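The chain contents come next:
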Amino acid sequence: MKKSILLALLLVVFATASAQNIPLLKGWKFTTGDSPEWANPAFNDQNWQAINVQKSWEAQGHQNYDGFGWYRLHVVIPSSLKASAYLKDSLRIELGHADDGYAVYLNGHLLNQNFKGDNIQKGRYGPCKALLATQNPAILWDKDNVIAVRIFDTGGDGGLYGEPKQFNAEMLDVVDYARINTDGDFDYSDQKSLSKSVKVETNSQYQYKGKLYFTVTDPATDKLIYSKTDDAAFATKKAFEKRYELKDLAPKSYTLTYTFIDDRSGKKLIKTEHAPYILTPETSKKPRINGADIYGQQPGHPFLYKIPATGVKPLKFEVSGLPQGLTLDKATGVITGTVTKRAAYPVQINVSNSLGVARKKFIIKIGDEIGLTPALGWNSWNAFGLSVNDARVRVAAKNISDKLSGHGWSYVNIDDGWEAEKRGDDGAIVPNEKFPDMKALSDYIHGLGLKFGIYSSPGPMTCGRYLGSYQHEDQDAQTYANWGVDYLKYDWCYYGDIAPASPTIDEYKKPYQVMRASLDKTNRDIFYSLCQYGMGESWNWAGEIGGNSWRTTGDIVDTWTSMSSIGFNQLMASPHARPGHFNDPDMLIVGKVGWGDNQHNTRLTPDEQYTHISLWSLLASPLLIGCDLGQLDRFTLNLLTNDEVLAINQDILGKQAARVLTKDDYLIYVKDLHDGSKAVGIFNISDNYKNITVDLNNLGLGHFTTIRDVWRQKNLALNNKALKTGIPSHAVTLLKLSN
Ligand code: GAL
């Protein structure tokens, strides 16, 4: 045997012997359908389809398939895994995310499932994993093992999917029983100093002693700007807690790293996060009128528009040229009434306070179209999921009114979870016990000058398995109108049981046309939001059949992978955005989200959140806040109240940005604005800080004389039409170019 071959063999043996984990990414087989036999290791899955578990099954030949599917993988689990581990108790199997219900089997033994009771159809989207003791006879050490996963998808994307590193089996390490808890909020009374408490904790039987290292680096220079090391000991119920204080910070991105090193095992636990930094300048005390320059309603329908304005209170509102039938409340800026005559009415708005007057020309357009600029508001789903209730919606409404409506935010939308399980005796839809009086809630919201939204499905059931509108469309539309509903999100869900297996475009349109006709019979403007995840390339036809907005994707979650893969994949839909009709890449995931009773800070870094809001603004997407507004922190509030950023979203031309440059590590988007100026987003999609020089001439943007950093609201200097900008990883530079 040649020496080199021997060496190669030894390396392979060594690599196997010291394997710390087994990747479970490749070799999966898949089939749709359901059979208990498929958990059996002896079952022959050779004829099943090979599938890539990084992507949903929709993306791999099963478009629109909802229902059961099974995945199987043959894998050898080497005992060296156990031998080389510091702790030898447990093996963890991680299989990305399951959408929705899942059950994981190893060699026919059920290891874990994510649904309650025996109804797999009640599962929800989430990580797919199993933990088992190394003594568990289900594991066949050093032999062929079969992992089988049974999935039930209720709608939208289905199956297993995730990033490569999320698919593996590994031994639990001593540090796997410990956690660096950074869930607490940052305190920052001014832009420059910041403090935060961090805990290192465990709920295992192990006692830990070691050191906690804390560092702060500037990603622009990689320079260490702060470091601190502490002895850290902790055990169950005795967390180690440390408060860090940082001073003299600039309003920019910093990387905070916490590293615990365990004395006994030498093992490390590392967590990084990014400090919040505020870019939006403080709201001026002088009056300022914000929001779009146009508002549309249909003739003869109840009119409600609150003039968005900021400045020290009290503000006094005046409008000249109001069409007949409308009256203005001078103290609140709320305009109500009805206008019968179709026309575009130019009006002049003045808002004054003790410090001055702001003036704005504005158009009230009475005609067929509503929602002339993208909807700005809140929706309960990403915050509360099915545990939404009357009190939670009122808290949201009050906070929108107090903190956000001055910047143009107006919709307060209840998502799934408000409906009773049975209709009333007359067949009318009724709310469940969490919503004692829908009309009273609607009156409360309207009383704040805001708009009220609701949710249903064309199917017999919604995705949350509440009542849908199937065969009750006229009646439901009329009930909504009676309640004073201004917005309907209409979600495909169990219409999948009614529609044929592979619907034609006409079959996709059908349920949405039925509800459109029902809404048209009411005497109300009800903004119509189609939610069917973009099936049948809905962006091509959803506007024509009367949708004011339409979802183009499956559900978003609060990760960079989810947000960026949705946001940067909207080019196909771009030409279809226009006033009254907008693409909807799903709701915002900033602030405290949770899809249930427990909320957590979004897992997007501050930089990623600037990207999220900038991108959705460039895409002229609806901006529907998805967090608990009762827990609105300073960073999130500032993120949502930058009037120059919102003005890009609300531009009356209603165009969606085009991508003008695609590089491996950065992307440039340009959105045309109504006055001939352009909004430009430069997105660093790489994992590193980037210094980028943009040649405006090359992009056909060389003729603009003023370049404004929109987040900071400051004009920038140009050097020979070359713009230099440093952008942290996953962050953005958002500009407005004008003359
Ligand atoms: C999903 C929809 C979500 C939410 C949920 C309610 O289909 O995409 O946005 O509405 O249903 O069950």
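Everything below is about the structure shown above.
An account of the accompanying structure is given in this report. One numbering rule holds for all chains: residues counted from 1, following each sequence as written. Local features in a predicted model are, by the rule used here, given only for residues with pLDDT of at least 70; side-chain atom pairs are given and counted only at 80 or more, and totals for whole chains, interfaces and linings are based on all residues. Calculated side-chain values reflect all of the structure's heavy atoms, with hydrogen atoms and water omitted.

## Considering helix 7 (residues 505-520)
Each α-helix winds once per 3.6 residues, and so residues spaced three or four apart point in a common direction.
Turning to step 1, where the next piece is worked out: Given a rise of 1.5 Å per residue, 16 residues ought to cover 22 Å, and the 22 Å separating the end C-alpha atoms of helix 7 matches this to within 8%.
Turning to step 2, where the next piece is worked out: The bend at a residue is defined as the angle formed between two axes, one fitted to the seven residues ending at that residue and one fitted to the seven starting there. For helices the rule is a DSSP run of H or I covering at least 4 residues; for strands it is a run of E covering at least 2, with both sets numbered from the N terminus onward. At Pro 511, helix 7 is bent by approximately 30°, the largest bend along its length.
Turning to step 3, where the next piece is worked out: Partly exposed residues are those whose accessible area sits between 20% and 50% of the maximum for their type, while under 20% is buried and over 50% is exposed, using a 1.4 Å probe and protein chains only. The set of residues buried in helix 7 consists of Tyr 508, Lys 509, Pro 511, Tyr 512, Met 515, Arg 516, Ser 518 and Leu 519.
Turning to step 4, where the next piece is worked out: Its buried side turned inward, helix 7 meets helix 6 (473-483), strand 31 (487-491) and strand 32 (527-531). Helix span is expected to be 1.5 Å times the residue number reduced by one. The contact criterion used is simple: two residues touch if any of their non-hydrogen atoms lie within 4.5 Å.

## Overview of the pairing of strand 9 (residues 144-153)
Turning to step 1, where the next piece is worked out: For strand 9, the buried fraction is high: nine of the 10 residues fall into the buried class.
Turning to step 2, where the next piece is worked out: Examined bridge by bridge, strand 4 (residues 67-76) and strand 9 share 10 bridges and lie antiparallel to one another. Opposite His 74, over in strand 9, you have Val 146 as the bridge partner.
Turning to step 3, where the next piece is worked out: Any two strands between which DSSP finds at least two bridges are classified as paired. Here strand 6 (residues 101-106) runs beside strand 9; their pairing, made up of six bridges, is antiparallel. What sits directly across from Leu 106, in strand 9, is Ile 147.

## Some details on empty space enclosed by the protein
Turning to step 1, where the next piece is worked out: Method remark: on a 1 Å grid restricted to protein atoms, a set of points is classed as a cavity if a 1.4 Å probe fits but cannot get out and as a pocket if it is open with protein on both sides within 12 Å along at least five of seven lines; lining residues have an atom within 4 Å of a point. Grid points are joined across faces, edges and corners, and a volume is the space filled by probe spheres set on the points. For the structure on display, the rule yields three cavities of 30 Å³ or more.
Turning to step 2, where the next piece is worked out: Put simply, the largest cavity is a space of about 70 Å³.
Turning to step 3, where the next piece is worked out: Taken together, 13 residues make up the lining of the largest cavity; nearest its centre are Gln 191, Leu 194, Ala 250, Pro 276 and Tyr 277.
Turning to step 4, where the next piece is worked out: Put simply, Ala, Val, Leu, Ile, Met, Phe, Trp, Tyr, Cys and Pro go in the nonpolar bin, Asp, Glu, Lys and Arg in the charged bin, and everything else, Gly too, in the polar bin. In the lining of the largest cavity, the residues fall into 10 nonpolar, one polar and two charged.
Turning to step 5, where the next piece is worked out: Of the pockets and cavities examined, the second largest cavity occupies roughly 50 Å³.
Turning to step 6, where the next piece is worked out: Looking at the second largest cavity, the residues that line it are Tyr 487, Lys 489, Ser 529, Arg 551, Asp 584, Asp 586, Met 587 and Leu 624.
Turning to step 7, where the next piece is worked out: Partitioned by chemical class, the residues of the lining of the second largest cavity number three nonpolar, one polar and four charged.

## Regarding the site of the ligand
Turning to step 1, where the next piece is worked out: In the vicinity of the ligand, 13 residues are found, and the nearest of them are Asp 415, Asp 416, Lys 489, Asp 491 and Asp 555.
Turning to step 2, where the next piece is worked out: Here a polar contact is recorded for every N or O atom pair within 3.5 Å, except that within protein the pair must consist of a potential hydrogen donor and a potential acceptor, and residues adjacent in sequence are included only if both atoms are side-chain atoms. Here an oxygen atom of the ligand and a side-chain polar atom of Asp 491 are 2.9 Å apart.
Turning to step 3, where the next piece is worked out: With respect to the ligand, the side chain of Asp 555 contributes an N or O atom lying 2.5 Å from an oxygen atom.
Turning to step 4, where the next piece is worked out: For the accessible areas, the method is Shrake-Rupley and the probe is 1.4 Å, while residue cover comes only from the protein chains on display. Here the ligand loses 97% of its free accessible area of 310 Å² to cover by the protein chains.
Turning to step 5, where the next piece is worked out: Residues of the shell around the ligand, tallied by class, amount to six nonpolar, one polar and six charged. Only heavy atoms are used to decide nearness, and a residue is near a molecule or strand if one of them lies within 4 Å of it.

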